[in-house]
Amino acid sequence: MAGPRDPAERCSCRNTNCVERPLRRLFEGLASGVAACPWPFVLVPLLLSGGLGAGFLFLPQRQANDIEGQFTPTWGPAKAERDFVRRHFPTNDSERFSAPRLPTEGAYAALIAVATNGTSVLDPAAWAEVLRLNATVHDADYERLCARSAGGCASPNPLLSRWGDAGPPGPGSLRFPVTDGVFLGAALGGVETDGGRVLRARALKLVYYLREDGPEAQDSRQWLESFLQNIVSKVAELRLGSIQVTYFTSLSRQQEFEGNAKSVIPLFSVTYFLTISFAVISCLRLSCIRNNIWLASCGVLSSGLAVLSSFGLMLFCGVPFVVTVANAPFLILGVGVDDMFIMIASWEQSSRKKEKSGVKSLLAETYAEAALSVTITTLTDVLAFFIGTWTAFPSVRSFCLYTGTAFVFCYVYTMTFFGAVLVLNHKREQGSRHWLTCMRVDVGKDQAESSCLYNACCIGSCSRQPSQPEGEHPMSTFFKKYYGPFVTNKWIKVLMVLLYGAYLGGSIYGCTQVREGIDLRNLANDASYVIPYYDDDDKYFSTYGPRVMVLIAESVDYWNESVRLGIESCTQNLENISYVDKNHSESWLRVYTELAKRGLRGLININSKTDFLNNLTGLFRILPSFEWDINKTQDEIEASRFFIQTVNVTSAVDEKNLLNQLREAAKQCSIPLKVYHPAFIYYDQYLVIVQNTVQNVVIAAGAMLVVSLLLIPNPLCCLWVTFAIASVIVGVAGFMTFWNVNLDSISMINLVICIGFSVDFSAHISYAFVTSGESSANKRSIEALSLLGYPVLQGAVSTILGVVVLAAANTYIFRTFFKIMFLVILFGALHGLVFIPVFLTFFGNFGRSPNTKSKKLELEKL
């Protein structure tokens, strides 16, 4: 940003250039050093990048793609609840396995068999194929490693253990969802009933659990890996005709997620090709001397060096490398090229104004003008990223650390490496040397009648005249003579105001429809085998949700009747939640109390501590599984648990509401209760995602405003920057809903980025307007567009080119990054080139600097 250069000016409410002026002098001094001795500024970044790039040797050690660790809140309540379950209710997979009682998902392989042609999986033909499928999976290795209960492997489906080879249960012989005390809600799907009796079922789920404790844990993992490698061929060998099979394992989600980074690597080459091509075309000149192809190439190289240096430094420092970080190089490339365009445009403006000046003077003028613009935009972007590290999601922290550091290196290399390349390129031009061969070019008499193409390629210009500085860029002429007058037409202004009203209305409506949380299926590749499994699971088994543990977290006097009544009251409050089916709860205390009331099995008195504790052995003889739900020491019960069955948890909204309602009901209970299920580890993201996003956006926007006030010497300009930030954020947050993007840890990254880019586009235009020396608001708006419209457009296009290839990615993470970055750039450019130039004309002379005439010449930089 240009500012007043008169030493007599003082800081005031209109011109707050107390910080800007010293920075300009600092940049002029740096430019003098670079111009005097450019080669060290070329070689040192190259050597530094090579040294720091050695940090990539640590990449295998730094990769941290654990889904739970990276995409769930660091201090989520469910993690503490899981630790409590592990301490008080240890599992024994070798003797007394029970899937609902596991503190984790467990180690398992799952199959869903769906009857073909609309038939029932309980038909004889389909049932026979299910048995063959089960026999294929249940091999000798599985028998050795399976989780065991009651002396044998835990059954993959209760129907198999009951009927098996005897044939399928006949129509009407099963009750649903409970038959003979066995819950079938998670075993049988797509059920049609008549009076509670099963007529037909479309799907059946087989879940093969393996032992996780003891020396067999590693063998279990190997069995699962072998299962994934061979299941497709084994199913093909069975030649199944009556059922279709989808499969999944406890390893699948993690393995598929880890493969995402590899799928995006080929896109890097496409991105660099597109960006280099755009940069070269933008810098192409019909002169073999003034051609800026090497400048464009070195600008792209500068961004690549920044990625190499920053990533290497972060890897040296031990910062985890998460798959989300793979998005960063695309973004950095686009931003680095944007800075390059600003530097080149400023250099060419300085060259036109000071044709006879030396290289030191030219570079000092370039740095005084362009470096402050680059500094403001870089500082705002870096602040946005480092503020983004204040989050509960480790994946967001890693991305922001890597990308924020890369922006710092990108800025440093632009000011040093690229500045030195400008100097060397200028010396080549001054020596009339060819852009490719560096051979001296002379206009000879024998070439006077040569073709224009020959003269442009081999002599220096089409006209056979010595190369001269070029005039105004055609795009600048377009903005000045055509686009500027068009958008400042009074009827077009009215149209733009209406257009902005529609934009704002649509954005606000979209914000009210935002969906929260990351769907775990989106962490896999689009073509992954887990997607059909998730689809079948949602279609046929979504009626019944997680079976939730309700934990009595402290030692209480269970033998006190009033305490038991309090526990029962709390249980009923939980069961009254709309997402809970009270008919399928399982409580050892209820059964124990009922047995005592009936006087069964000698359990007559449970109202004294001694009798209560001693008679528990009788309860365990009747229902042995209840022994796993009581953490009993010699003379007290330290903790206990019971279970409630959830229903109709089919969306992220349901998951959020379920978790909030359960925890709120537990909190209001007079007895210390906790609720837990392994899925709650992921549900916890709903509790913090909106809070974290709003917190980061507000803090970052405040920091942007402070930076703007310090470095942009006009308060009105700062107000327009703030307006653009708010408007673009609302637009991106609203329209991402229409593009099927949820508010999750991935999109949260991009909303923080949104702030920095909002500043980039709006600050240039609004400041150019308030410092213009033209007489009317319309003319000032036209001048701002003519000076800065093309650089803003170039920056937008280069950034979009940096991320556009991610639209072709077959992974949600990378497509989401593209979608939101596209919205950010689109809306940012729309504000900078359309809305703000129009809105500024409505304010006339308000906020103008008193000496704008002198600033007019100084502003001509881009």
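The structure presented is a predicted model; accordingly, all values stated were derived computationally and were not measured.

Rules of the game
Residues numbered from 1 in each chain as written. Predicted model: local features only at pLDDT ≥ 70, side-chain atom pairs only at ≥ 80, totals over all residues. Heavy atoms only, no water. Pairing = 2+ DSSP bridges. Helix = DSSP H or I, 4+ residues; strand = E, 2+ residues; numbered from the N terminus. Phe/Tyr/Trp six-rings, centres within 6.5 Å; stacked < 30°, edge-to-face > 60°. Buried < 20%, exposed > 50% of the residue type's maximum accessible area, 1.4 Å probe, protein only. Salt bridge = Lys/Arg side-chain N within 4 Å of Asp/Glu carboxyl O. Core = buried A, V, L, I, M, F, W, Y, C linked by side-chain atoms within 4.5 Å. Contact = heavy atoms within 4.5 Å.

Draft legend 1. Quick peek at the pairing of strand S6 (residues 188-194). Direction of pairing for S6 relative to strand S7 (residues 197-210): antiparallel, over a ladder of six bridges. Following the sheet pairing, Asp194 is matched in S7 by Arg197. Hairpin connection, S6 to S7: the antiparallel pair is bridged by two residues, and Gly195 has positive phi, about 65°.

Draft legend 2. Geometry of the packing of aromatic side chains. Under the defined criterion, the tally for this structure stands at 52 aromatic pairs. When the ring of Phe97 is compared with that of Tyr209, the centres are 4.9 Å apart and the planes differ by 45°; the resulting orientation is tilted. Separated by 112 residues along the polypeptide, Phe97 in the loop between helix H5 (77-88) and strand S1 (107-115) and Tyr209 in strand S7 bring together distant segments of the chain. In this structure Phe97 comes out as buried when scored by relative accessible area, which is 8%. Here Tyr209 falls in the buried class, since its relative accessible area comes to 17%. Note on Phe183 and Tyr544: the rings are 5.3 Å apart at their centroids and 85° apart in plane angle, and the pair reads as edge-to-face. Here the residue Phe183 occupies a position in strand S5 (residues 182-183), and Tyr544 occupies one in strand S9 (residues 544-552), the gap between them amounting to 361 residues. An aromatic cluster of at least three residues, connected via ring pairs, comprises Tyr500, Tyr503, Tyr509, Phe723, Phe735, Phe738, Phe827, Phe835, Phe839 and Phe842.

Draft legend 3. Up close: the pattern of salt bridges. Applying the stated rule across the entire model yields 19 salt bridges. Residue Arg547 pairs with Glu586 through a salt bridge whose shortest N-O separation is 3.4 Å. One end of the pair, Arg547, is in strand S9; the other, Glu586, is in strand S10 (residues 580-586), and 39 residues separate them in sequence. For Glu568, the salt bridge goes to Arg590, with nearest N and O atoms at 3.0 Å.

Draft legend 4. A look at the nonpolar core. Residues Leu188, Tyr558, Trp588, Phe612, Leu616 and Leu662 are the most contacted members of the largest nonpolar core, which totals 265 residues. Ignoring sequence-local partners within four residues, the contact set of Leu616 consists of Trp588, Tyr592, Ile630, Lys632 and Ile637. Phe89, Leu551, Ala639 and Phe643 belong to the second-largest nonpolar core, a separate cluster that totals nine residues.

Keep in mind these values describe shape, not function.
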